[in-house]
Amino acid sequence: MSGSESENTHWSVHRTIERVARESYGRLVAYLSVHTRDVGSAEDALSNALVRALETWPRDGVPQNPEAWLMTTARHSIIDQVRHQQVAEASEPTLALLREDSNEPNMTLSTDFPDERLKLLFVCAHPAIDPAMHTPLMLQTVLGLDAARIAHAFLISPTTMGQRLVRAKTKIRDGGIRFEIPQARELPERLDAVLEAIYAAFGIGWDDMAGVDQRGRDLAEEAIWLARVLLQLTLGEAEVHGLLALMLHCEARRAARRGPDGRYVPLSEQDAQKWSRPLIEEAEQHLGEASSRGLTGRFQLEAAIQSVHAERARSGRTAWPAIMLFYQQLIRVSPTLGTQTGYAAAVAEANGPEAGLAALDGIDRHDVCAYQPYWAVRAHLLQQLGKTAEALDAFDRAIGLAEDPAVKQFLLQRRG
Amino acid sequence: MQFALLIYESPEAFAARNADENDPYLGAWRAYYKALVEAGVYVGGNPLQPPETGTTVRLKGGKRRVQDGPFADAKEQLGGFTILELPSLDAALEWAARCPAASIGAVEVRPVSPEYLRRVTG
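Note that the structure is predicted; figures quoted are calculated from it, not measured. (Residues numbered from 1 in each chain as written. Chains lettered and ligands numbered in written order. Predicted model: local features only at pLDDT ≥ 70, side-chain atom pairs only at ≥ 80, totals over all residues.)

Participant: Before we go on, may I ask you to explain the overall build of chain B in this structure?
Facilitator: For chain B, the count of helices and strands is four helices and six strands. In sequence order, chain B lays out its α and β elements as β-α-α-β-β-β-β-α-β-α. Dimensions of chain B, computed from C-alpha atoms along their principal axes, come out at roughly 50 × 40 × 20 Å. By the burial criterion, 20% of the 122 residues in chain B qualify as buried. The long-range share in chain B, meaning contacts at least 24 apart out of those at least 6 apart in sequence, stands at 74%. (Helix = DSSP H or I, 4+ residues; strand = E, 2+ residues; numbered from the N terminus. Buried ≥ 20, exposed ≤ 12 C-beta atoms within 10 Å, placed from the backbone. Contact = placed C-beta atoms within 7 Å.)

Participant: Would you explain the overall build of chain A in this entry?
Facilitator: Check the secondary structure of chain A and you find 19 helices and zero strands. In chain A, which comprises 416 residues, the proportion classed as buried is 42%.

Participant: So what exactly am I meant to see when it comes to the interface of chain A and chain B here?
Facilitator: When the parts of a complex come together, some accessible area is lost, and that lost area is often used as the size of the interface. Taken together, the contacts link 15 residues of chain A with 18 residues of chain B. Of all the secondary-structure elements, those providing two or more residues to the side of chain A that touches chain B are α18 (388–401) and α19 (405–415) of chain A. For the side of chain A that touches chain B, the element with the highest residue contribution is α18 of chain A, accounting for five residues. Class assignment for the residues of the side of chain A that touches chain B results in nine nonpolar, two polar and four charged. (Nonpolar A, V, L, I, M, F, W, Y, C, P; charged D, E, K, R; others polar.)

Participant: Please clarify how the confidence of the model for chain A should be interpreted in this entry.
Facilitator: The predicted coordinates of low-pLDDT regions are not to be read in fine detail. With 88% of its residues at a pLDDT of at least 70, chain A reaches an overall mean of 87. Predicted confidence for residues 209–213 of chain A stays below pLDDT 50, and this span has 18 contacts to residues more than four positions away or in other chains. (pLDDT = per-residue confidence, 0-100.)

Participant: Help me out: how do you make sense of the environment of S334 of chain A in this one?
Facilitator: All names here are of chain A. You can see S334 is positioned in the loop between α14 (320–333) and α15 (337–351). On the neighbour-count criterion, S334 (15 C-beta atoms within 10 Å) is partly exposed. If near-sequence neighbours (up to four positions away) are discounted, S334 is found in contact with R298 and T339.

Participant: Can you walk me through the nonpolar core in this structure?
Facilitator: Residue and element names in this part refer to chain A. Within the largest apolar cluster, 131 residues are counted, with the highest numbers of intra-cluster contacts made by L46, I198, A223, A227, L243, M247 and A398. Ranked by the residues each element gives to this core, the list is headed by helix α11 (residues 238–252), at ten residues. Lining this core are residues from two domains, each supplying at least three of them: domain 1 (3–108) and domain 2 (334–416). Once residues lying within four places of it in the same chain are set aside, the contact partners of I198 are A223, L226, A227, L230 and L243. (Core = buried A, V, L, I, M, F, W, Y, C linked by C-beta atoms within 7 Å. Domains from an automatic or database assignment.)

Participant: Looking at this model, I keep getting lost on the pairing of strand β5 (residues 77–85) of chain B. Mind explaining?
Facilitator: Residue and element names in this part refer to chain B. Inspection of the sheet shows strand β1 (residues 2–9) paired to β5 by eight bridges, in the antiparallel sense. Across the sheet, A4 pairs through a bridge with I83, a residue of β5. For strand β2 (residues 42–47) and β5, the ladder comprises five bridges, and the chain directions are antiparallel. By the bridge assignment for β5, Y42 is matched with L84. (Pairing = 2+ DSSP bridges.)

Participant: Where do I start with the environment of P353 of chain A in this structure?
Facilitator: All names here are of chain A. Here P353 shows up in helix α16 (residues 353–361). Classification of P353 as partly exposed rests on a count of 18 C-beta atoms within 10 Å. Between the C-alpha atom of P353 and that of P131, which follows or precedes it by 222 residues, the distance is 37 Å.

Printed below as a string of structure tokens:
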């Protein structure tokens, strides 16, 4: 084999390892930790297995079933760890894992070990875990993102994020949190926490603007990936379809959100021809699936609003009264600041700026003192009404609260 | 608790201070200040004159050493500071990200140390 050929093989093996790691990471961590409840050890064991793969696969070739190879190797690594710590001290679940391994020698060679990722997702979004850690835990344990990257997206120092992740995993191990699918009566609420966490990841990728910044794009893609996994595992729950539809609709507009010079382009001024047709179509399919089940959850309603916006690509106009009605329903199930501000903006488009401003006035002033979108909408409406002094004040608040330089720039220009 | 936001600015940002009233960087700072005050988190702060106006003093072996210029020779220099009253570091990092200097320079967030202040002031 010539030098360049061996180099090519080397790279293709590396790509294979990367692909297997990405596709199988969560499945392997979930399977390895479901008995031990020790997510940290499972991750360590899998890291060791991946290092072994990097050492041996280029030399011996990629095994026929890479995922099973990684699972077996990771399992042996856990067993080694336990032996190292002396079996006498080993906890009962770990011993169970050891026994399982010795009783079923063929098990590790077969491909069909059960997919336990759904249990892992429920554990990550368990009510006993700090809600702020739900999303970071999922990104790390199910997708294998490293703490530094997660910290970056969450605007937390990498050391702090690392410590918080370790603390959360210790709580999972020692706090008696069980790896199981919740009972039917608590399922909707528990599923909601999982969906919220996925959407939070997407939201960070989104706010983070705007398609120019790589960290934002990555996180939005990871969130969509997570929702696809969840959809597959829950066999098509309506709200999971709804969440996926919502994210795909937003994702479809990524290319239109910035001008060629990096300028921020608000939704109403985006060139609808730049929206991704395939993504919109996929979103519509999921929304159709969701509504065929006859339920109207939060994410379906939000997706429905985005679907009305997407219509502009075909009809050239936006049906604001429809958006207003969806927001009214949404406020009933999810009365967040975002929903109330969105409703006011829709009212303004449907019934004029005066009505929109009245809707904004209905929101508690104290709650919005650091909520940027409220001030941006308010500034826009006051300007339309010719209330210049008040508009300038609201623009300043919106600019001062904005993080993205392009949004600041956009608002500064509007402010005049 | 209180946090200091230490504002590090590029030479361009210092130069922009001479621009007219419509300068976007100045506009962003005005807006940021207003947002801080309205949110009830602003405690105090001040911009500093550009780094070349700095003079650094040391005593080496009892002898005065006076150096023309700022303490550290770096591209981005301390351009000012803001003190904020906030519940957590997370909240302070949020406000630091909104700071106009964050996108063209850097903002260092440091908790103020009341414990040490008490030991000093007695």
